[in-house]
Protein chains: 2
Amino acid sequence: MHSFQELSVDFTRHFNVRLFPLQPQSLYDPCEYFLTMGGKRIRPVMCLMGNELFDEILPDAFEVATAVELFHNFTLIHDDIMDKAPLRRGMDTVHTKFGESTALLSGDVMLIQAYEHLNKVRTTYLHKILALFNKTAAEVCEGQQLDMDFEKTEFVTFDDYIKMIGLKTSVLMASSLKMGAILGGAGGSNADHLYQFGLNLGIAFQVQDDYLDAFGDPQKFGKQVGGDILANKKTFLMIHALDVANEDQKNELNDLLKVNEPDKVERVLSIFEICGVDEWARQLKEKYIAVAFQHLEDIAVVSVRKKPLHDLANFLVHRDY
Amino acid sequence: MHSFQELSVDFTRHFNVRLFPLQPQSLYDPCEYFLTMGGKRIRPVMCLMGNELFDEILPDAFEVATAVELFHNFTLIHDDIMDKAPLRRGMDTVHTKFGESTALLSGDVMLIQAYEHLNKVRTTYLHKILALFNKTAAEVCEGQQLDMDFEKTEFVTFDDYIKMIGLKTSVLMASSLKMGAILGGAGGSNADHLYQFGLNLGIAFQVQDDYLDAFGDPQKFGKQVGGDILANKKTFLMIHALDVANEDQKNELNDLLKVNEPDKVERVLSIFEICGVDEWARQLKEKYIAVAFQHLEDIAVVSVRKKPLHDLANFLVHRDY
């Protein structure tokens, strides 16, 4: 069994080669540029880990992992266009550097390239892998659309938000694990428990992301604290605060959401603290991670094989960066 | 054997159902909206015809045909964003009606849906169909990128233009035919000849499109004559005119390309006529269609099976609308 860190090194070695043709440069260089920005490569490594839970890692798993990472990067390129984001990881986004039309098209061809890697999967598993990948890919688009719809909706319920995050963030983690499991010959029940592990872990991961944005140590987190607050994003924290705040606090929050006063972050955080949002978020995260671990427990393989997934989950939801 | 018109009715019956989920409406209704705009459905019917050249039409061929038509519509939705086109077939484009972000995402999910139809192909042919589809899809993106590059290039050679049109227009026709042939059990040589038939037919088709835009009867063509001229598009006609014109004519054309004077179309057409561009285009079209027919001839099946393809090719390059 290998740890996340070890498999991450393996995957990076496999992934950090030129994946696109040389010509036309104007189409493919933007793809390569975006991939050099790096990333934690969590999803593809999850695919390898899902595979190793049941068997030795097969070459096919690296192809599916590559497809997953290309898909994830395709969504980022297109999301950046939709969000009009000038920077990602401190570098120019593709549309900033190469123009919107090329960014759109480079994203498209990256998705197509993902399918080309899926087509390297052995025939026995090809239908099953494609079906899960297609379902997941459509769900991620649905999640992004719901997220955009929510920007125009005044009142977003906690359940709606969970549903959106599930689609936008969790299903890709869940299905990366499950695709690895399928390639490892896992039976239906084991593969489904692993999927549910990923789904619940994904929610806990997002809660932690929202938490760090508000309460993280800016030195460690590497991003400006309160970025979500300044962007008026409806996060787990904001939705819960609006849910439990009294009338005065609610009015203040709604007023703060309309303009960007210099003390906006400070004042929102102060309401968050009065409402106990930080403690609530910690409990919410623990609730989801407990469900995730129960599903991991229910997978019928010896415990020792589960350790790397256990460690990864603990890291993802307790990280401070 | 069935004619294009007969198969077109069959395909339309198959295709004109709700192809996307109901929810979220904000993502999927734009997809359905775009498909109701209609279209000639040339490519999917070519897939059925490629299949019937070798065997009775299989259900799989309808799935691949659906994938091809979804892919084609995905490219149109994204092209309309890139071109900032307000209308298509007299109706609002998706980004005009629903906004750019939703148009981008609806296009994405339409491409994913195309792959879901490909995944219904029987296992024996799945790898082969996917490989050809992926290659073609990437080439279409390359063609669109080259087309955008050419807008910023002062001097585009005839060979560069042929290459771009081949990628942007012909390969999808060629591979639609070939995917049908593969499903019909065609051998490599027959399938390749059919591909080459489609490739050359596609070029001839585009020459006719460019020709009609300049010299067509607006009553029959259904579009404003000279639309390409007003949009300063580098068409077969413009590239050839710039190639053969004398210095004075060349300077006049280049001046006309810079501004939109009221008599622009008239003056460009007059130079086209002096340079014999219309006759040249007719000959060019005949040259490509002759090569296409030679490849059709070389396919080892009885002539009578080839008749519908022969008729379709003649229609596509001699149509006046």
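Q: Please clarify how the overall build of chain A should be interpreted in this entry.
A: The number of helices and strands found in chain A is 16 helices and two strands. Relative to the globule expectation of 20 Å for 321 residues, the C-alpha radius of gyration of chain A, 20 Å, shows essentially globular dimensions. By principal-axis analysis of the C-alpha atoms, chain A measures approximately 60 × 50 × 35 Å. For chain A, the proportion of its 321 residues judged to be buried stands at 59%. Long-range pairs, those at least 24 residues apart, make up 74% of the contacts in chain A with a sequence separation of at least 6. When the accessible surface of chain A is split by element, carbon and sulfur atoms take 51% of a total near 13300 Å².

Q: What should I look at first to understand helix H1 (residues 4-15) of chain A in this one?
A: Residue and element names in this part refer to chain A. Between the first and last C-alpha of H1 there are 16 Å, a value that for 12 residues agrees with the 16 Å anticipated at 1.5 Å per step. Those residues of H1 that fall on the buried side of the exposure criterion are Phe4, Leu7, Ser8, Phe11 and Phe15. Looking straight down H1, one finds that the buried residues subtend no more than 105° of arc, so they occupy a single side. Among the exposed residues of H1, those oriented more than 90 degrees off its buried face are Gln5 and Arg13.

Q: Could you clarify how one ought to interpret the environment of A:Ala85 in this entry?
A: Residue and element names in this part refer to chain A. Looking at the element boundaries, Ala85 is found in the loop between helix H4 (59-83) and strand S1 (87-88). Judged by its relative accessible area of 16%, Ala85 is buried. Sequence-wise, Ala85 and Gln206 are 121 residues apart; in three dimensions their C-alpha atoms are separated by 20 Å. In this structure, Ala85 is in contact with Asp80, Thr93, His95 and Thr96, ignoring residues within four places of it in sequence.

Q: Is there a simple way to think about the side chain of A:Asn73 in this case?
A: With respect to the helices and strands, the residue A:Asn73 is situated in helix H4. Filtering out sequence-adjacent residues up to four positions away, A:Asn73 remains in contact with A:Phe34, A:Leu35, A:Arg41 and A:Met110.

Q: What is the right way to read the relation of the copies chain B and chain A from this model?
A: Once chain B is rotated about the relating axis by 180° and shifted along it by 0.0 Å, it coincides with chain A to within an RMSD of 0.0 Å. One copy is carried onto the other by what is essentially a two-fold rotation axis. An overlap of 100% is found between the interface residues of chain B and their copies at the interface of chain A, pointing to a shared contact surface.

Q: Where do I start with the nonpolar core in this structure?
A: The tendency in soluble globular proteins is for nonpolar side chains to be buried as a group. Counting 238 residues, the largest nonpolar core has A:Phe197, A:Phe272, B:Phe197 and B:Phe272 as the members making the most contacts within it. Residues contacting B:Phe272, with those up to four places away along its chain left out, are B:Ala214, B:Phe215, B:Ile229, B:Leu237, B:Met238, B:Ala241, B:Val277 and B:Asp278.

Q: What is the right way to look at helix H9 (residues 188-215) of chain A in this model?
A: Because each turn of an α-helix spans 3.6 residues, side chains separated by three or four positions end up pointing in the same direction. With 28 residues, H9(A) extends 40 Å from end C-alpha to end C-alpha; this agrees with the ideal 40 Å at 1.5 Å per step. With respect to burial, H9(A) is a largely interior element, 21 of its 28 residues being buried.

Q: I keep staring at the interface of chain B and chain A and nothing clicks. Help me out?
A: Interface size is commonly expressed as the accessible area that is lost once the parts come together. On the side of chain A, 38 residues touch chain B, which itself brings 38 residues to the contact. Among the residues of chain B in contact with chain A, B:Leu105, B:Ile112 and B:His127 are the three that bury the most area, contributing 18% of the side total. Where chain B touches chain A, the interface holds zero salt bridges. The interface formed by chain B and chain A contains 16 residue pairs in polar contact (both at pLDDT 80 or more). For the side of chain B that touches chain A, the secondary structure elements donating two or more residues are helix H2 (25-36), helix H4 (59-83), helix H6 (100-118) and helix H7 (123-151) of chain B. Among the elements that line the side of chain B that touches chain A, the one with the most residues is H7(B), at 15 residues. When its residues are assigned to classes, the side of chain B that touches chain A shows 21 nonpolar, 11 polar and six charged.

Q: Looking at this model, I keep getting lost on a positive patch on the surface. Mind explaining?
A: A cluster of basic residues, A:Lys40, A:Arg89, A:Lys223 and A:Lys233, forms a positive patch on the protein surface. Among the secondary structure elements, A:Lys223 is positioned in the loop between helix H10 (218-221) and helix H11 (227-230).

Q: Looking at this model, I keep getting lost on the packing of aromatic side chains. Mind explaining?
A: In this structure the tally under the stated criterion is 23 aromatic pairs over all chains. Seen from their ring centres, B:Phe71 and B:Phe133 are 5.6 Å apart, and the 75° between their planes marks the pair as edge-to-face. Within this pair, whereas B:Phe71 is found in helix H4, its partner B:Phe133 is found in helix H7, the two being separated by 62 residues in sequence. By relative accessible area, B:Phe71 is classed as buried at 1%. Judged by its relative accessible area of 3%, B:Phe133 falls in the buried class. Between B:Tyr115 and B:Phe133, the aromatic rings sit 5.3 Å apart at their centres with planes inclined by 75°, giving edge-to-face as the arrangement. Of this pair, B:Tyr115 sits in helix H6 while B:Phe133 sits in helix H7, and the two are 18 residues apart along the sequence. Neither residue differs from the other here; B:Tyr115 and B:Phe133 are each classed as buried. Its guanidinium or amino end placed over the ring of A:Tyr211, A:Lys285 lies 5.8 Å from that ring's centre, counting from NZ or CZ. Taking NZ or CZ as reference, B:Lys178 lies 5.7 Å from the ring centre of B:Tyr195, over its face.

Q: Is there a simple way to think about unusual backbone geometry in this case?
A: In terms of backbone geometry, most residues other than glycine have negative phi values and most peptide bonds are trans. Cis rather than trans, the peptide bond between A:Gln23 and A:Pro24 has omega equal to -10°. Residue placement: A:Pro24 occurs in the loop between H1 and helix H2 (25-36). You will see that B:Arg89, though not glycine, has its phi angle at about 50°, which is positive. Take B:Arg89: it is sitting in the loop between strand S1 (87-88) and strand S2 (91-92).

Q: What is the right way to read the packing of helix H13 (residues 247-256) of chain B against helix H14 (residues 264-274) of chain B from this model?
A: Two numbers describe a pair of packed helices, the interaxial angle and the distance between the axes. All names here are of chain B. Between H13 and H14, the shortest axis-to-axis distance is 11 Å and the interhelical angle comes to 150°. Overall, the two elements H13 and H14 adopt an arrangement that is roughly antiparallel. Once H13 is placed against H14, the crossing between them reads as left-handed. Across from Gln249, Glu252, Leu253 and Leu256 in H13, the residues of H14 making contact are Lys264, Arg267, Val268, Ile271 and Ile274. Class assignment of the residues belonging to the contact of H13 with H14 gives a composition of five nonpolar, one polar and three charged.

Q: Even after reading the chapter, I still don't get the domain arrangement of chain A, so can you show me in this structure?
A: All names here are of chain A. By domain assignment, chain A separates into domain 1 (1-138) and domain 2 (187-321). Just the C-alpha atoms count here: the centres of domain 1 and domain 2 sit 25 Å apart. Taken together, the contact pairs 14 residues of domain 1 with 14 residues of domain 2. Summing both sides of the interface, domain 1 and domain 2 together bury roughly 1200 Å²; the carbon and sulfur share of this comes to 80%. The largest per-residue losses of area from domain 1 upon contact with domain 2 belong to Met1, Leu53 and Phe54, which jointly make up 44% of the total buried on that side. Taken together, the connections running from domain 1 to domain 2 amount to zero salt bridges. Looking at the side of domain 1 that touches domain 2, the elements that each hand over two or more residues are helix H3 (42-52) and helix H7 (123-151). Tallying contributions element by element places H3 first for the side of domain 1 that touches domain 2, with five residues. Residue composition of the side of domain 1 that touches domain 2, grouped by class: eight nonpolar, three polar and three charged.

Definitions and cut-offs
Residues numbered from 1 in each chain as written. Chains lettered and ligands numbered in written order. Predicted model: local features only at pLDDT ≥ 70, side-chain atom pairs only at ≥ 80, totals over all residues. Heavy atoms only, no water. Helix = DSSP H or I, 4+ residues; strand = E, 2+ residues; numbered from the N terminus. Rg over C-alpha atoms; globule rule 2.2 N^0.38 Å. Buried < 20%, exposed > 50% of the residue type's maximum accessible area, 1.4 Å probe, protein only. Contact = heavy atoms within 4.5 Å. Areas by Shrake-Rupley, 256 points an atom, 1.4 Å probe, with all protein chains shown as cover. Expected span 1.5 Å × (residues − 1). Arc of directions from axis to C-beta. Least-squares fit on C-alpha atoms with pLDDT ≥ 70 in both. Core = buried A, V, L, I, M, F, W, Y, C linked by side-chain atoms within 4.5 Å. Buried area = accessible area lost by both parts, 1.4 Å probe. Salt bridge = Lys/Arg side-chain N within 4 Å of Asp/Glu carboxyl O. Polar contact = N/O pair within 3.5 Å; in protein donor to acceptor, adjacent residues only side chain to side chain. Nonpolar A, V, L, I, M, F, W, Y, C, P; charged D, E, K, R; others polar. Patch = residues over 30% accessible without salt bridge, like charges linked within 9 Å, V, L, I, M, F, W, Y side chains within 5 Å. Lys, Arg positive; Asp, Glu negative; His and termini not counted. Charge placed at Lys NZ, Arg CZ, Asp CG, Glu CD. Phe/Tyr/Trp six-rings, centres within 6.5 Å; stacked < 30°, edge-to-face > 60°. Lys NZ or Arg CZ within 6 Å of the ring centre and 35° of its normal. Axes fitted to C-alpha atoms, helices over the stretch in contact; angles between N-to-C directions. Parallel < 35°, antiparallel > 145°, perpendicular 65-115°, else oblique. Left-handed = near helix turned anticlockwise from the far one by under 90°. Domains from an automatic or database assignment.

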